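Chains, contacts and geometry: an overview
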Amino acid sequence: MRVVMPDSPALPARPYGPAILAVDGGGTKTLAVRVGPDASIQALKTTKGCNPFDQPDWQHILATLVTPLASGLQAAAFGVAGYGENRKTGQLLRTHLHELCPHTPLSLTNDVDMACTGAFAGEAGVLLLSGTGSMAWGTDGKGQTARVGGWGPVFGDEGSAYWIGRKALQRVCQAMDGRAPEAKPFARKICAAMNWPDENPAALDALLGWYSQQERPRPAVAHCARLIDQMADDGCPEACALITQATHHLANLVQTARTRFPEQSLPWSYAGSVFKSRLLLSTLTETCGAPQPPRLPPVGGGLVQAAKLAGWQIDAAWITQLAHALETYTAPEKL
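Residues numbered from 1 in each chain as written. Predicted model: local features only at pLDDT ≥ 70, side-chain atom pairs only at ≥ 80, totals over all residues. Heavy atoms only, no water.

1. Things to note about helix H3 (residues 111–120)
Worth spelling out the cut-off: Working definition: with a 1.4 Å probe on protein chains only, accessible area under 20% of the residue-type maximum means buried, over 50% means exposed, and in between means partly exposed. Helix and strand definitions here come from DSSP, where helices need a minimum of 4 consecutive H or I residues and strands a minimum of 2 consecutive E residues; each element is numbered from the N-terminal end. The definition of a polar contact used here is a pair of N or O atoms within 3.5 Å, where within protein one atom must be able to donate a hydrogen and the other to accept one, and adjacent residues in sequence count solely through side-chain atom pairs.
Along H3, 10 of the 10 residues are buried, which leaves the element largely enclosed by surrounding structure. Within H3, the full set of buried residues consists of Asp111, Val112, Asp113, Met114, Ala115, Cys116, Thr117, Gly118, Ala119 and Phe120. With a side-chain oxygen positioned 2.8 Å from the backbone nitrogen of valine 112, the residue opening H3 is asparagine 110. Just beyond H3, the residue with positive phi is alanine 121, at close to 50 degrees.

2. A word on the pattern of salt bridges
Oppositely charged side chains may form a pair once their charged atoms are brought near each other. To be explicit about the condition: By definition, a salt bridge exists where a carboxyl oxygen of Asp or Glu is found within 4 Å of a side-chain nitrogen of Lys or Arg.
All told, the structure shown has nine salt bridges when counted by the stated rule. Across the pair arginine 171 and glutamate 238 runs a salt bridge whose closest N-O atoms are separated by 3.4 Å. Here arginine 171 is found in helix H5 (residues 161–176), whereas its partner glutamate 238 is found in helix H9 (residues 237–259), with 67 residues between them in sequence. Each of Arg171, Glu182 and Glu238 takes part in one network of salt bridges that share partners.

3. Observations concerning the nonpolar core
Rules: Here, nonpolar core refers to any group of buried Ala, Val, Leu, Ile, Met, Phe, Trp, Tyr and Cys residues whose side-chain atoms link them within 4.5 Å. We call two residues contacting when some pair of their heavy atoms lies within 4.5 Å.
Core analysis: the largest hydrophobic core is formed by 56 residues, its most contacted members being Leu128, Phe186, Ile190, Ile228 and Trp268. Every residue in contact with isoleucine 190, bar those within four places of it in the chain, is listed here: Ala168, Leu169, Val172, Trp196, Leu227, Ile228 and Met231. Grouped together as the second largest cluster of nonpolar side chains are 25 residues, Leu31, Ala39, Leu303 and Ala306 included.

4. Thoughts on the sheet that holds strand E7 (residues 134–139)
The condition that has to hold: Strand pairing is assigned whenever DSSP detects at least two bridges linking the two strands. Axis angles are defined between N-to-C directions and span 0 to 180 degrees, where every axis is a line fitted to C-alpha atoms and, for a helix, only to the segment in contact.
Taken together, the four strands give an open sheet; going across it, the order is E8-E7-E6-E9, and neighbouring strands pair in mixed fashion. Only two strands of the sheet have a single neighbouring strand rather than two, namely strand E8 (145–149) and strand E9 (268–271). Pairwise comparison of adjacent strand axes, ignoring direction, gives a mean angle of 20 degrees for this sheet. The pairing of strand E6 (residues 125–130) with E9 spans four bridges and is classified as parallel.

5. Some words on the layout of surface pockets
A water-sized probe rolled over the atoms picks out the places where empty space is left. What counts is decided by this rule: Here the term cavity refers to a set of points on a 1 Å grid, laid over the protein atoms alone, in which a 1.4 Å probe fits but cannot get out; the term pocket refers to an open set having protein on both sides within 12 Å along at least five of seven lines, with lining residues being those that place an atom within 4 Å of a point. Grid points are joined across faces, edges and corners, and a volume is the space filled by probe spheres set on the points. Only Asp, Glu, Lys and Arg are considered charged, only Ala, Val, Leu, Ile, Met, Phe, Trp, Tyr, Cys and Pro nonpolar, and every remaining residue, Gly among them, polar.
Considering only enclosed or pocket space, the second largest pocket measures out at about 230 Å³ in volume. Along the wall of the second largest pocket there are 14 residues; nearest its centre are Asp113, Thr117, Gly122, Thr139 and Gln305. For the lining of the second largest pocket, the elements supplying multiple residues, two or more each, are H3, E7 and helix H11 (298–309). In the lining of the second largest pocket, the residues fall into three nonpolar, seven polar and four charged.

6. Regarding the confidence of the model for the protein chain
Put simply, the rule is: Think of pLDDT as the predictor's per-residue confidence, scored from 0 to 100.
For the protein chain, per-residue confidence averages 88 on the pLDDT scale, and residues scoring 70 or more make up 93% of the total. Ranking the elements of the protein chain by mean pLDDT puts strand E10 (residues 333–334) last, at 47, and H9 first, at 96. Confidence over residues 1–10 falls short of pLDDT 50; this stretch has 17 contacts with residues more than four positions distant or in other chains.

Encoded structure:
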């Protein structure tokens, strides 16, 4: 769900009344939303990503975000990147969240599972996520789920923003050290955009220096995907080829997830920064069919989960009201 409404109404200074809380904890950012029974938003806050596998201070990040919003909650739902990939880390995460929200019914799942619930408002479908990482999450809407991909930057995340950025920077290295002279024009465009010299050895020294200075290298590399998409829009052949390769990987995720539910013809939807690419989305549509626009953004899936956990009676009208509220308040307070 893409929303561009910079002039958002002011939110209350403090949460009030009965409420539920949802936290969408991605690799790049973490968003918390507190909502009342009428689907009105009481508070929105955002901060940096809280993936326990690449953010050492993830506990402090979550505590700083959640603590001011935790009073009087009837339920809370958390979708955190990396959850489910390591049992010990998952136990630490669950224990920490129970400390932040004591005596509160709590749901904890992967952030892609949460996004899938939001995209289809709890019904059947395949959610394709491609941001810093990539993964497909399928559900039959009755409790059965299937995960495909999402195995991190070393073993997976094909077609993600990180994958696109890494492949592009790898091509720069190959062009500059002589292995791929045909890629020299592509490499020089990237160097110009990054304010690096465009001849070796200065070019590679600048690239390696830039990388070594990044506090969080993976999101920094992923951010380069935006540049590649812009270059593709301008007709750069190498950039177009990278976006097309990413599309093939993402299509494979969707198609594989669909095979896990052969008795159903599952629609697909999407979430993540990579889908801002017009070329990628149009090419993926040719392969997988037209996507279903997400009914709710990822954090909305957490709010649906929390509402059910709290025993609230939610219906299509409540979902519609929540979608409108989340569209309206698009300028969360940053911590």
